[in-house]
Amino acid sequence: MNRLSGALSHVAFIAGSLVLAGFFTTGCGKLAADDASAPFTITVSQTYITIGNQSGSALAEGLIELVPAGVLGPYRMQLPRVESGGTRDVRFDLFSGVGGARFRRGVTRIKTVRVSATDIAGKTYKREVPFE
């Protein structure tokens, strides 16, 4: 009986090790924000979001959404024009939610940043990255 329980503990140890290895290798992969083939980059810093245009033409209009965890609606802001190869910094205090409430980083926990943009040729791009 001792031999059987010892064998089961080894199997449990190996299975647990494989699960942990899967978590660690998944966490070490390339982030979605680092995708070089994306039409635009999204970088989140402490006080603002930077949108970089890599699409080859100017982004004429668009929408940036900060999507909270839970049931709250997203905080939104119109994306200002971003020229080809250019970047645009957007401060967090410019985002507003339903009813006009301003976004405050320490109060609301944001899950993802979603950006949809249209270039001057009319092509629409959408991208969503984790908020870090």
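Predicted model only: the values in this text are computed from it and were never measured.

Rules and cut-offs
- Residues numbered from 1 in each chain as written.
- Predicted model: local features only at pLDDT ≥ 70, side-chain atom pairs only at ≥ 80, totals over all residues.
- Heavy atoms only, no water.
- Salt bridge = Lys/Arg side-chain N within 4 Å of Asp/Glu carboxyl O.
- Helix = DSSP H or I, 4+ residues; strand = E, 2+ residues; numbered from the N terminus.
- Buried < 20%, exposed > 50% of the residue type's maximum accessible area, 1.4 Å probe, protein only.
- Pairing = 2+ DSSP bridges.
- Axes fitted to C-alpha atoms, helices over the stretch in contact; angles between N-to-C directions.
- Core = buried A, V, L, I, M, F, W, Y, C linked by side-chain atoms within 4.5 Å.
- Contact = heavy atoms within 4.5 Å.

Caption draft 1: Main features of the pattern of salt bridges. All chains considered together, the criterion is met by five salt bridges. A salt bridge links Arg76 to Glu65; its shortest N-O distance comes to 2.7 Å. Separated by eleven residues along the polypeptide, Arg76 in strand β4 (residues 75-78) and Glu65 in strand β3 (residues 59-68) bring together distant segments of the chain. With relative accessibility at 9%, the residue Glu65 sits in the buried group. Note that Glu83 is salt-bridged to Arg81, the shortest N-O span being 2.6 Å. Classification of Glu83 by relative accessible area gives partly exposed; the value is 44%. Residues joined by salt bridges that share partners form a network here, namely Glu65, Arg76, Arg114 and Glu128.

Caption draft 2: Quick peek at the sheet that holds strand β5 (residues 87-91). Pairing in this open sheet of three strands is antiparallel, and the strands run β1-β2-β5 from one edge to the other. The open sheet has two edge strands with one neighbour each: β1 (40-44) and β5. Ignoring strand direction, the axes of neighbouring strands in this sheet form an average angle of 20°. Summarising the sheet, strand β2 (residues 48-53) and β5 pair through five bridges and their orientation is antiparallel. Of the residues in β5, the one forming a bridge with Thr50 is Asp89.

Caption draft 3: Seen up close, the nonpolar core. Ranked by size, the top nonpolar core spans 22 residues in total, and within it Leu66, Phe95 and Val113 carry the most contacts. For this core, the secondary-structure elements that each account for two or more residues are β1, β2, β3, β4, β6 (110-119) and β7 (124-130). Per element, the largest residue contribution to this core is four residues, and it comes from β6. Excluding residues that lie within four positions of it along the chain, Val113 makes contacts with Ile42, Val44, Ile49, Ile64, Glu65, Leu66, Arg127, Glu128, Val129 and Phe131.

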